[in-house]
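Fold and contact review
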Amino acid sequence: METEPCPGEQEKRVVETNEPVLKEAYTGPGDNESQEEKELSHGLQQEDKEPHGEVDPRIDSQGGGKEGTTLNPLPMSEMTEIPCVEERKLKTPSFAKTVRFSETESVEDRENSEEGLFPDHEIVQWTSSSFEELFLAEDWENITDDRLLRKKVLVPGPQQAVHPAWGQEVTVKMQGVLEDRTVVEKDPKLVFVIGEGDVNQALEECAIAMQQDEIALLLADSQYTYGLLGRETDIPAWAPLLYQLQLLDIREKPDPLILPISDRMRIGNQKRERGNFHFQREEYSMAARAYWMALDVLTTRTRDGSSDVLLEGEEEEVQDYRVKCLNNLAAAQLKLEQYDDALHTSRDVLSLDPQNVKALFRTGKLLSDKSEYQEAMEILKKALKLEPSTKAIHVELSKLVKRQSGGKDTQKWQAKPAQLLGDNIAPFLNPSKKKPPVSH
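Residues numbered from 1 in each chain as written. Predicted model: local features only at pLDDT ≥ 70, side-chain atom pairs only at ≥ 80, totals over all residues. Heavy atoms only, no water.

**Focus on the sheet that holds strand E5 (residues 215–220)**
Condition: Two strands make a pair as long as DSSP finds a minimum of two bridges between them. The secondary structure listing takes helices from DSSP runs of H or I that are at least 4 residues long and strands from runs of E that are at least 2 residues long, numbered from the N terminus. The contact rule is simple, with two residues in contact once any of their heavy atoms fall within 4.5 Å. To get an axis, a line is fitted to the C-alpha atoms, and for a helix only the part in contact is used. The angle between two axes follows their N-to-C directions and goes from 0 to 180 degrees.
Overall, antiparallel pairing links the six strands, which are arranged E1-E2-E5-E6-E3-E4 in an open sheet. Unpaired on one side and paired on the other, strand E1 (141–142) and strand E4 (183–193) mark the two borders of the sheet. As paired strands, E5 and strand E6 (residues 241–252) are joined by six bridges and run antiparallel to one another. Looking at E6, one finds that Leu 219 is bridged to Leu 242. Contacting strand E2 (149–155), strand E3 (168–177), E4, E5 and E6, helix H5 (residues 201–208) crosses the sheet at an angle of about 60° to E4.

Written out as structure tokens, the structure is:
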């Protein structure tokens, strides 16, 4: 989940990823910051990997790249983001945004299949009306009081068939279209836990209103799906969706502490990717929640408190994924101005990886803000020793020396939310600058 630096003149490429762009360095004091400090606002990058795109050679060696690959770390000064939006396309295919606890076929095969999922109940067969007409139709059931989430049963479930409950795991067959009937989401076996945010709110609300084996149409206003931002590159801003759903199975959520370690890592990473998706959309509370759920799964403990029998390398792999999740969580907590929580989370990173430079920098900066200068100095010096060419660490140490000596920086400098992670947020992450995706 690294910030994507713009490639140089000799290396032009399109980056495709579903990972959030996280900026964790702090800017200088006030609006009069120097040009150097403005450059530092892009600072330390988030530790993660790209699950769907080409791996950028600048990705940090702690977590970047494909599994089993070790990348040589570059100085952090070379890892600052260079605005180059026109050469970057952000692609987040629908299969990247859902959590699947069991798979019988590759997700790509599901997405690329041309065959309709409901050959006997095609959407066009049931309705060719505009969405505006469907929102006002009398033969649709309102799932919510605001009439913005509506359902029409095509095939009812068997008599006495059960409904799922919050917290249960369901499998649904799902196909979603825009108003022009362009298919933008499709999955014959979508598995998610109701209430955990694995899918959008419309699908959760409809699933709980269905009986097993029921087939229904679901009309969802954008506020229950992808809202203002839409979903690049296929769902425009404010676009309502029409789903066709069949509830295939209902069961209790599996206890992660009795699952094999390989399943825990898969589920935990899917939860983390969901958090990345929310972070990218600046939905920081939802991102933090997803990271917490990922951390609950990414453990080697068993229900009785003992440790599982692990295959070679599994413990280190789980620890590496926990470090990624914790770093992501700390970034979200900073965005939410939960500074004490971010400090605690950064310390958790260091307990697993004492030489994690991003966690060291963040910990030292937060301790400096709390006037715990001696410990902040020790930690920032350790970060500098590991990354001696990183300007952000030099700048922060300089500020810390001024504070200790009672300089003017002590009186004037105060972290503000906009300054905390940098003002120069990439345009596609800033709603005030973001252009709605163009519908094709």
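**Brief notes about the environment of Glu 196**
Counted only if it meets this: Only protein chains enter the accessibility calculation, which uses a 1.4 Å probe; a residue whose area is less than 20% of its type maximum is buried, one above 50% is exposed, and one in between is partly exposed. Under this definition, polar contacts are N or O atom pairs within 3.5 Å; protein pairs additionally need one hydrogen-donor-capable and one acceptor-capable atom, and for neighbouring residues in sequence, both atoms have to be side-chain atoms.
Among the secondary structure elements, Glu 196 is positioned in the loop between E4 and H5. In this structure Glu 196 comes out as buried when scored by relative accessible area, which is 13%. Along the backbone, Glu 196 and Met 293 are 97 residues apart, and their C-alpha atoms lie at a distance of 8.4 Å. Not counting the four nearest positions on each side in its chain, Glu 196 is found in contact with Glu 204, Lys 253, Lys 271, Arg 289 and Met 293. A distance of 2.4 Å separates polar atoms of two side chains, one belonging to Glu 196 and the other to Lys 253.

**What to know about the pairing of E5**
The buried fraction of E5 amounts to six of the six residues, a majority that puts the element mostly inside the structure. In E5, alternate side chains face the same way, and those of Ile 215, Leu 217 and Leu 219 on one face and Ala 216, Leu 218 and Ala 220 on the other are all buried.

**Section: a negative patch on the surface**
The cut-off we apply is this: Residues enter patches when they are more than 30% accessible in relative terms and free of salt bridges; like-charged ones are connected within 9 Å and nonpolar ones (Val, Leu, Ile, Met, Phe, Trp, Tyr) within 5 Å. The Shrake-Rupley method, run with a 1.4 Å probe sphere, supplies the accessible areas, and residue values consider only the shown protein chains as cover. One speaks of a salt bridge when a side-chain nitrogen belonging to Lys or Arg is within 4 Å of a carboxyl oxygen belonging to Asp or Glu. The positive count covers Lys and Arg only, the negative count covers Asp and Glu only, and His and the chain ends enter neither. Lysine's charge is taken at NZ, arginine's at CZ, aspartate's at CG and glutamate's at CD.
The grouping of Glu 132, Glu 133, Glu 179 and Asp 180 at the surface amounts to a negative patch. Residue position: Asp 180 is located in the loop between E3 and E4. The class of Asp 180 is partly exposed, set by a relative accessible area of 49%.

**Quick look at the UniProt feature "repeat: TPR" (unreviewed entry) in the protein chain**
We apply this condition: UniProt positions are given in the numbering used here, feature names are shortened, and annotations may be inferred rather than shown by experiment.
Residues given the UniProt feature "repeat: TPR" (unreviewed entry) here are residues 323–356 and 357–390. When the span residues 323–356 is considered, its composition is 79% helix and 0% strand, and the gap between its end C-alpha atoms is 9 Å. With 79% helix and 0% strand, residues 357–390 has end C-alpha atoms that lie 10 Å from one another.

**Some points on the confidence of the model for the protein chain**
Detailed reading of the predicted coordinates is not advisable wherever pLDDT is low. Basically, it comes down to this: By definition, pLDDT measures how confident the predictor is in each residue, and it falls between 0 and 100.
Here the protein chain shows a mean pLDDT of 74. Residues at 70 or above account for 63%. Predicted confidence for residues 49–98 stays below pLDDT 50, and this span has 142 contacts to residues more than four positions away or in other chains. Confidence drops under a pLDDT of 50 for residues 409–440, and excluding neighbours within four residues, the segment shows 74 contacts in the predicted structure.

**Comments concerning the nonpolar core**
Our working definition: Residues belong to one nonpolar core when they are buried, are Ala, Val, Leu, Ile, Met, Phe, Trp, Tyr or Cys, and are joined through side-chain atoms within 4.5 Å.
Formed by 40 residues in total, the largest nonpolar core has its most connected members in Met 265, Phe 279, Tyr 291, Ile 393, Leu 397 and Leu 400. Listed by contribution, the elements that provide at least two residues to this core are helix H6 (261–280), helix H7 (284–297), helix H8 (314–335), helix H9 (339–352), helix H10 (357–369), helix H11 (373–386) and helix H12 (391–404). Tallying contributions element by element places H8 first for this core, with nine residues.

**Let's talk about the pattern of salt bridges**
A side chain with one charge may pair with a side chain of the opposite charge, provided their charged atoms come close. Throughout the structure, instances matching the rule amount to 18 salt bridges. Glu 396 is paired through a salt bridge with Lys 365; the nearest N and O atoms lie 4.0 Å apart. On the criterion of sequence distance, the pair formed by Glu 396 in helix H12 and Lys 365 in helix H10 is long-range, its members being 31 residues apart. The same class applies to Glu 396 as to Lys 365, namely buried. In this structure, a network of salt bridges that share partners links the residues Glu 196, Asp 198, Lys 253 and Lys 271.

**A short note on H7**
Going by this rule: Expected span of a helix: the number of residues minus one, times 1.5 Å.
For H7, with 14 residues, the first-to-last C-alpha span of 20 Å sits near the 20 Å given by 1.5 Å per residue. Those residues of H7 that fall on the buried side of the exposure criterion are Tyr 284, Ala 287, Ala 288, Ala 290, Tyr 291, Met 293, Ala 294, Leu 295 and Val 297. On its buried side, H7 packs onto H6 and H8.

**What about the packing of aromatic side chains?**
Each aromatic ring pair is specified by the distance between its two centres and by the angle formed by the two planes. The line we're drawing: For this analysis, a ring pair means two rings from Phe, Tyr or Trp (six-membered ring only for Trp) whose centres lie within 6.5 Å, classed as stacked if their planes differ by under 30 degrees, edge-to-face if by over 60, and tilted for the remaining angles.
According to the stated counting rule, one finds one aromatic pair in the structure shown. Ring geometry for Phe 279 against Tyr 284: centres 5.0 Å apart, planes inclined by 70°, an arrangement best described as edge-to-face. For Phe 279, a relative accessible area of 3% gives the class buried.

**Overview of unusual backbone geometry**
Omega for the bond connecting Glu 232 with Thr 233 falls within 30 degrees of zero, at 5°, which places this linkage in the cis form. Relative to the elements of secondary structure, Thr 233 occurs in the loop between E5 and E6. Phi angles above zero are rare outside glycine, and Gln 160 is one such case at about 70°. Positionally, Gln 160 belongs in the loop between E2 and E3. Despite not being glycine, Glu 337 shows a phi value in the positive range, around 65°.

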